[in-house]
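Working through the structure, step by step
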Amino acid sequence: MSTTRSGPPPVRERRLGRARLRDLQVVWIAAVLVVLLVVFSALRPTSFATSFNLLNLVSDAAILLLLATGMTYVIITAGIDLSVGGVLVFSAVTATKAVDVTGSLLAGAATAVLTGLAWGLLNGVLVAKGRIPALIVTLGTLGMSLGGALLLTGGVDLRAPGDLNLGLGLARWLGVPLIVWICAAITAVLGVALARTRFGRHTYAIGSNAEAARRGGVAVNRHLIRVYGLAGLLAGVAGYLSLAKYGITGVSAHSTDNLQAIAAVVIGGTSLFGGVGTVLGTVIGVFIPVVLQNGFQILGVRPFWQQVVVGAVLVAAVYVDQRQRARRDQ
Amino acid sequence: MSAPLLEARGIVKSYGHVEALRGTDFTLLPGEVVALIGDNGAGKSTLVKILSGSERPDTGEIVVDGQRVEFGSVEEARAAGIETVYQDLALCADLSPAANFFLGRELLKAGLLGRLGVLDNAAMRARTQEACERLGVRLKSQAAPVSTLSGGQRQGVAVARAVTWARRVVFMDEPTAALGVVQTRRVLDLIRGVRDSGVAVVLISHNMQDVKAVSDRVEVLRLGRRVARFETARVSMEDLVGAMTGAVEQAGEVEQTGAAGTGPAGAVEQESPQ
């Protein structure tokens, strides 16, 4: 059969170049992060580039990283999860209550994880089986979980059990907070799972072309429910760790967690249209706003600028993604 | 003459008040390329959906290798060795050719890693490469996503995928509709390659040149019924178009012959030409 050539060579080269460009997106944002770190270090070598400050950075980012990792999976399926902050708070509240009743921290941890999972599965069922847009479903469960948390607490923040706050909250291993290790380990496992396992492959396939995935024999609904369940479970874990770290349930402190997580995921090169993204990109995307905030504080720039800059970076990231899609689909 | 590989008898399918198929018959013999033609709304796509398991008929029966079957899902049709190349190709543009090839049938690594769901990408790439080469589909890179391929290459990947998994029949719905001259020729070569590998092909097409070029037989649908069957080598373009549009009427073709299955090896089966 005579199928040796597939169009004029220049076209093919341009196409391959474009494929490489997309792979390079993670490298580009990594470069942005490195530049930020170098610039801040050079401007304030004695205060920015200290191990104390860098540990601070990592601690601030760790819990958000869990939410953003779950969000990466969800957005790769071309979905969205606005409920993560609410689920985090609700899980922290139920965990506190569980420890109060049982006196066992383990029971508290299990309660947080299972509560988060339950909210996530609810999201998944409504999105996959109910055919309600994810934006609406998770906006609804955000309100329900935040409102539910306020109902359970009477609107007053609950204090974390003392031995949780003073135990896990302060524990360190090799000088790094245990919470950071936990978040890093979970993120690493999920990063590998997304890139290397069948679960990850189906996640990409659904976001890329759900109908094709269905025709290929992927159980699309079941997979979507699992992905939203995973995001909820991670929000539950984040709730427990946040309780340990800050010592309170923080009922009013997490209403913009969802936006922070989405911003991190999108800055990290994951497409809001689904099918494209990596956990590594999300890790970098989490650190860019955190480094900016920290750097501006140390430089004495008013920290409000961080919000402005992150907003602009977010818009730019989506613009680049749109352009790539448009060129691909032409 | 061999027994039919796939046969549909008296298929009726309505969508609300619209009768898409009104007692359609269809016959496919082993190792042949049959073109299924008809004007818009003749029921070609509906018939393919039913025979490939994505829709259920209201009445009528499907027989595969002499066994009556009922396809409740695409998976069941697939288990019977029937694959479909959809008009939209059903490819995930963001995934590599190999990932698309093995979508829903991923190969896992051996041992513990496999049990954890870890993919064996190297094996999938190798088998995809091998299948594509066998069918003459040249891919520059196995790693680049499908979105970077040309229309012809995408078609090639979709066809190669279907052929690799099909043991009996491949349906191809308008495989050349979006392609240029060179790419079309390549797809027609592919179809011949598929037939030569022993898998029967049903080609749904509007393009009479393609039909004449590649098919062994032609079955014509009009208004939800099979109205004519031809041997491609002995039929003129005018006859084909005439049967499609109704200018050459063969209504009640099946009832009058009383044989829905194998036809005589004669030229044009016209029982009641008007």
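Everything in this summary refers to the structure shown in the same document.

Thresholds applied
- Residues numbered from 1 in each chain as written.
- Chains lettered and ligands numbered in written order.
- Predicted model: local features only at pLDDT ≥ 70, side-chain atom pairs only at ≥ 80, totals over all residues.
- Heavy atoms only, no water.
- Helix = DSSP H or I, 4+ residues; strand = E, 2+ residues; numbered from the N terminus.
- Buried < 20%, exposed > 50% of the residue type's maximum accessible area, 1.4 Å probe, protein only.
- Areas by Shrake-Rupley, 256 points an atom, 1.4 Å probe, with all protein chains shown as cover.
- Rg over C-alpha atoms; globule rule 2.2 N^0.38 Å.
- Contact = heavy atoms within 4.5 Å.
- Salt bridge = Lys/Arg side-chain N within 4 Å of Asp/Glu carboxyl O.
- Patch = residues over 30% accessible without salt bridge, like charges linked within 9 Å, V, L, I, M, F, W, Y side chains within 5 Å.
- Polar contact = N/O pair within 3.5 Å; in protein donor to acceptor, adjacent residues only side chain to side chain.
- Nonpolar A, V, L, I, M, F, W, Y, C, P; charged D, E, K, R; others polar.
- Pairing = 2+ DSSP bridges.
- Axes fitted to C-alpha atoms, helices over the stretch in contact; angles between N-to-C directions.
- Expected span 1.5 Å × (residues − 1).
- Left-handed = near helix turned anticlockwise from the far one by under 90°.
- Disulfide = S-S within 2.5 Å.
- Phe/Tyr/Trp six-rings, centres within 6.5 Å; stacked < 30°, edge-to-face > 60°.
- Lys NZ or Arg CZ within 6 Å of the ring centre and 35° of its normal.

Examining the overall build of chain B
Per the secondary structure count, chain B includes ten helices and eleven strands. Taken over 274 residues, chain B has a buried fraction of 56%. Accessible surface, chain B as shown: approximately 11,100 Å² in total, 50% of it carbon and sulfur.

Describing the overall build of chain A
Across its full length, chain A carries 13 helices and two strands. Against the 2.2 N^0.38 benchmark of 20 Å for 330 residues, chain A shows a C-alpha radius of gyration of 21 Å, consistent with a compact globule. C-alpha extents for chain A along the principal axes are approximately 75 × 55 × 35 Å. In chain A, which comprises 330 residues, the share counted as buried stands at 51%. Within chain A, contacts between residues at least 6 apart in sequence are counted, and of these 79% link residues at least 24 apart.

Observations concerning the pattern of salt bridges
This structure, assessed with the given rule, holds 18 salt bridges over all chains. As a salt-bridge pair, Glu211(A) and Arg215(A) come within 3.3 Å of each other at their nearest N and O atoms. Note that Glu211(A) and Arg215(A) are positioned in helix α9 (residues 210–215) at a spacing of four residues, about one turn of the helix. Overall, Glu211(A) belongs to the partly exposed group, its relative accessible area being 35%. Arg215(A) sits in the buried class, given a relative accessible area of 17%. Overlapping salt bridges, with partners in common, bring together Glu211(A), Arg214(A), Arg215(A) and Asp88(B) in one network.

Digging into a nonpolar patch on the surface
All names here are of chain A. Side chains of Trp 173, Leu 174, Leu 178 and Trp 181 sit close together on the surface and give an oily, nonpolar patch of about 420 Å² of accessible area. Examined against the element boundaries, Trp 181 turns out to sit in helix α7 (residues 178–196). Residue classification places Trp 181 among the partly exposed positions, given a relative accessible area of 32%.

Digging into the interface of chain A and chain B
You'll often see interface size given as the accessible area lost when the parts meet. Every contact between the two is made by 31 residues of chain A and, on the other side, 40 residues of chain B. Counting across the chain A and chain B interface gives one salt bridge. As a salt-bridge pair, Arg215(A) and Asp88(B) come within 3.0 Å of each other at their nearest N and O atoms. In this structure, the connection of chain A to chain B is made through ten residue pairs in polar contact (both at pLDDT 80 or more). Going through the elements one at a time, α1 (9–43), α8 (198–208), α9 and α13 (304–329) of chain A are the ones with two or more residues in the side of chain A that touches chain B. Of the residues belonging to the side of chain A that touches chain B, the class tally is nine nonpolar, twelve polar and ten charged.

Focus: unusual backbone geometry
All names here are of chain B. Non-glycine residue Glu 174 carries a positive phi angle of around 50°. Here Glu 174 shows up in the loop between β7 (169–173) and α7 (181–196). On the basis of relative accessible area, Glu 174 is assigned to the buried category, the value being 11%.

As for the sheet that holds strand β4 (residues 59–64) of chain B
All names here are of chain B. Ordered by their spatial adjacency, four strands build an open sheet running β2-β1-β4-β5, and the pairing between neighbours is antiparallel. The open sheet has two free edges, formed respectively by β2 (18–28) and β5 (67–69), since each of these has just one partner strand. Taken pair by pair, the neighbouring strands of this sheet meet at an average axis angle of 30°, ignoring direction. By the bridge criterion, three bridges tie β4 to β5 in an arrangement that is antiparallel. Paired with Val 64 across the bridge in β5 is Gln 67. Packed on one face of the sheet, helix α1 (residues 44–51) meets β1 (6–15), β2 and β4 and runs near 65° to β2.

Re helix α10 (residues 220–246) of chain A
All names here are of chain A. When the terminal C-alpha atoms of α10 are compared, their 38 Å separation across 27 residues agrees well with the 39 Å that a helix rising 1.5 Å per residue should span. Most of α10 sits out of view: 21 of its 27 residues are buried. Downstream of α10 by one or two residues, Gly 247 has phi in the positive range, about 80°.

A word on the packing of helix α3 (residues 84–102) of chain A against helix α4 (residues 105–128) of chain A
All names here are of chain A. At a minimum axis separation of 8 Å, α3 and α4 run at an interaxial angle of 145°. The two elements α3 and α4 cross, and the hand of that crossing is right-handed. Only Leu 105, Ala 107, Gly 108, Thr 111, Ala 112, Thr 115, Gly 116 and Trp 119 of α4 make contact with α3, whose side of the interface consists of Val 87, Phe 90, Ser 91, Thr 94, Ala 95, Ala 98, Val 99 and Thr 102. The residue makeup of the contact of α3 with α4, split by class, is nine nonpolar, seven polar and no charged.

Topic: the state of the cysteines
Scanning all chains against the criterion turns up zero disulfides over all chains. Looking at the unpaired Cys92(B), the closest cysteine sulfur is the one in Cys132(B), lying at 16 Å.

Regarding the packing of aromatic side chains
In the structure shown here, the tally under the stated rule is seven aromatic pairs over all chains. Residues Phe90(A) and Trp119(A) carry aromatic rings whose centres are separated by 5.2 Å and whose planes lie at 80° to one another, so their mutual orientation is edge-to-face. Residue Phe90(A) is found in helix α3, and its partner Trp119(A) is found in helix α4; the two are separated by 29 residues along the sequence. Comparing Phe90(A) with Trp119(A), the two get one shared label, buried. In textbook terms, an aromatic cluster arises when at least three aromatic residues are bridged by ring pairs, as seen for Phe40(A), Phe48(A) and Phe296(A). Seen from the ring of Tyr86(B), Arg215(A) lies directly overhead, with NZ or CZ sitting 3.9 Å from the centre.

Side note on the side chain of His254(A)
All names here are of chain A. Among the structural elements, His 254 can be located in the loop between α10 and α11 (257–267). Of note is the side chain of His 254, whose polar atom sits 2.6 Å from the side chain of Asp 257. Apart from the residues within four sequence positions on either side, His 254 is in contact with Gly 85, Leu 88, Val 89, Ser 242 and Thr 249.

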